[in-house]
Amino acid sequence: MKKQVWYFILGLIVIILSTPLGYFSINVVYSNENLTGEYVSILNGFIHSFMLIGTLIFSVGLLNILRDTY
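Residues numbered from 1 in each chain as written. Predicted model: local features only at pLDDT ≥ 70, side-chain atom pairs only at ≥ 80, totals over all residues. Heavy atoms only, no water.

1. Thoughts on the nonpolar core
So the rule is basically this: Think of a nonpolar core as a cluster: buried Ala, Val, Leu, Ile, Met, Phe, Trp, Tyr and Cys residues, connected wherever their side-chain atoms sit within 4.5 Å. Whether a residue is buried, partly exposed or exposed follows from its accessible area with a 1.4 Å probe, protein chains only, as a fraction of its type maximum: under 20%, in between, or over 50%, in that order. Contacts were defined at the residue level, with two residues in contact if any of their heavy atoms lie within 4.5 Å.
The biggest cluster of nonpolar side chains holds five residues, and these are I26, L35, I42, L43 and I47. For L43, the residues in contact, after removing those within four places along its chain, are G22, Y23 and I26.

Structure follows, in structure tokens:
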């Protein structure tokens, strides 16, 4: 049961911090590029990818709990 709680917590943290992680990732990956017209769309892509990763981690914890109870 303890391992599943860590999955829940880690998944929620990644989902909550997806926006700052997205801004940080754009600054790291595209540090020397001029992103005048594409900044918002690239930022949304990074944010959504981090949210998807958090959801997948959260669902692994949920599936482990369901597997252990049945």
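2. A closer look at helix α2 (residues 18-29)
Because each turn of an α-helix spans 3.6 residues, side chains separated by three or four positions in sequence point in the same direction. Cut-off, in case you're wondering: In this text, helices come from DSSP runs of H or I with a minimum length of four residues, and strands from runs of E with a minimum of two, each type numbered from the N-terminal end. A helix is expected to span 1.5 Å for every residue after the first. It is the directions from the helix axis to the C-beta atoms that the arc portrays.
The end-to-end C-alpha distance of α2 is 16 Å, a good match for the 16 Å that twelve residues give at a rise of 1.5 Å each. Within α2 the residues assigned to the buried category are S18, G22, S25 and I26. The arc enclosing the buried residues of α2, seen along the axis, measures out at 100 degrees, which places them on a common side. The outward face of α2, more than 90 degrees from its buried face, is lined by the exposed residues F24 and N27. Lining the buried residues of α2 we find α1 (2-16) and α3 (39-69).

3. Looking at α3
The terminal C-alpha atoms of α3 lie 45 Å apart, and with 31 residues this matches the ideal 45 Å at 1.5 Å per residue to within 8%. Every buried residue of α3 is accounted for by I42, L43, I47, F50, G54, G61, N64 and I65. Those residues of α3 that are buried are in contact with α1 and α2.

4. Some words on the packing of α2 against α3
Here is the rule: For helices, the fitted axis covers only the stretch in contact; all axes are lines through C-alpha atoms, and the angles between them, taken along N-to-C directions, range from 0 to 180 degrees. Reported orientations rely on four angle classes, namely roughly parallel under 35 degrees, roughly antiparallel over 145, roughly perpendicular from 65 to 115, and oblique for the rest. We call a crossing left-handed when the near helix sits turned anticlockwise from the far one by less than a right angle, and right-handed when that turn is clockwise. Basically, the charged four are Asp, Glu, Lys and Arg, the nonpolar ten are Ala, Val, Leu, Ile, Met, Phe, Trp, Tyr, Cys and Pro, and anything else, Gly included, counts as polar.
Relative orientation of the contacting elements α2 and α3 amounts to 125 degrees, with a least axis distance of 8 Å. In this view, α2 runs oblique relative to α3, as classed from their interaxial angle. Considering only the axes of α2 and α3, their crossing is right-handed. When α2 is examined against α3, the residues S18, T19, L21, G22, Y23, S25, I26 and V29 are found in contact with a partner set consisting of Y39, I42, L43, F46, I47, F50 and M51. Tallied by class, the residues present in the contact of α2 with α3 amount to eleven nonpolar, four polar and no charged.

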